[in-house]
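Structure assessment
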Amino acid sequence: MGRTHLQDAVPIRMGQEFGAYANVLSRDIARIDRAAQGLLVVNMGATAVGTGLNATPAYMDSVVKHLVEQTGFALKQAEDLVDATQNTDAYMELSAALKVCAVNISKNVQRHPLDGLGPKAGLNELNVPARQPGSSIMPGKVNPVYGRSDESDRLSGDRQRSYDQPGLRSGTVRA
């Protein structure tokens, strides 16, 4: 059963859901592979600021060839050594691709506990009161309003959250 706001919405086959997971992971892998190509460009011989001062062209060529032989990676010399020395966009691009993948994995993993919720399809372990008007494509649907913790809690180091909501035991949850 597909869900919006933790409530049963419209039917969906598990194959459709897992197909969507596979598609996003395929895009993530392709995105990471593309971004990783930028790490194969090196600035060997650029010296301190990228001008190559006191480094011979023969050294620059030989050091890259030696690194390729030693590592097996398809390394290549940067066309603009000043640019390659000053800028870190290749690292940031890979970092962004990895973060997108991590968010996609996290989102999809967090959905699975919802698969057992009700009221029509599941065990009805969580009963959140309906409070706000629902969807334009599902007339009569009323969505619950519930507190959600966003990722900033974990990023800020707030690993402990208190809860006190009607229908739930009061207490503390350690994230």
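Quick summary incoming for the structure in this document. Fair warning: this is a prediction, and the values are worked out from it, not measured in the lab.

Empty pockets left among the atoms are what a rolling probe the size of a water molecule brings to light. Each pocket or cavity is described by its volume, and for the second largest pocket that value is around 350 Å³. In terms of lining residues, the second largest pocket is bounded by 15 residues, among which Gly38, Val41, Ala84, Asn87 and Ala90 are the most central. Those elements giving two or more residues to the lining of the second largest pocket turn out to be strand S3 (41–42), helix H3 (81–86) and helix H4 (89–111). Looking at the lining of the second largest pocket element by element, the count peaks at 4 residues for H4. For the lining of the second largest pocket, the per-class residue count stands at 7 nonpolar, 4 polar and 4 charged.

Next up on the list: the side chain of Asn104. With respect to the secondary-structure elements, Asn104 resides in helix H4. Judged by relative accessible area, Asn104 falls into the buried class, the value being 18%. Excluding residues within four positions of it along the chain, Asn104 makes contact with Val24 and Asp28.

Scoring rules and cut-offs
Residues numbered from 1 in each chain as written. Predicted model: local features only at pLDDT ≥ 70, side-chain atom pairs only at ≥ 80, totals over all residues. Heavy atoms only, no water. 1 Å grid on protein atoms, 1.4 Å probe; cavity = no way out; pocket = protein on both sides within 12 Å on 5 of 7 lines; lining within 4 Å. Points joined across faces, edges and corners; volume = space filled by probe spheres on them. Helix = DSSP H or I, 4+ residues; strand = E, 2+ residues; numbered from the N terminus. Nonpolar A, V, L, I, M, F, W, Y, C, P; charged D, E, K, R; others polar. Buried < 20%, exposed > 50% of the residue type's maximum accessible area, 1.4 Å probe, protein only. Contact = heavy atoms within 4.5 Å.

Honestly, that's just the spatial picture; any functional story needs more than this.
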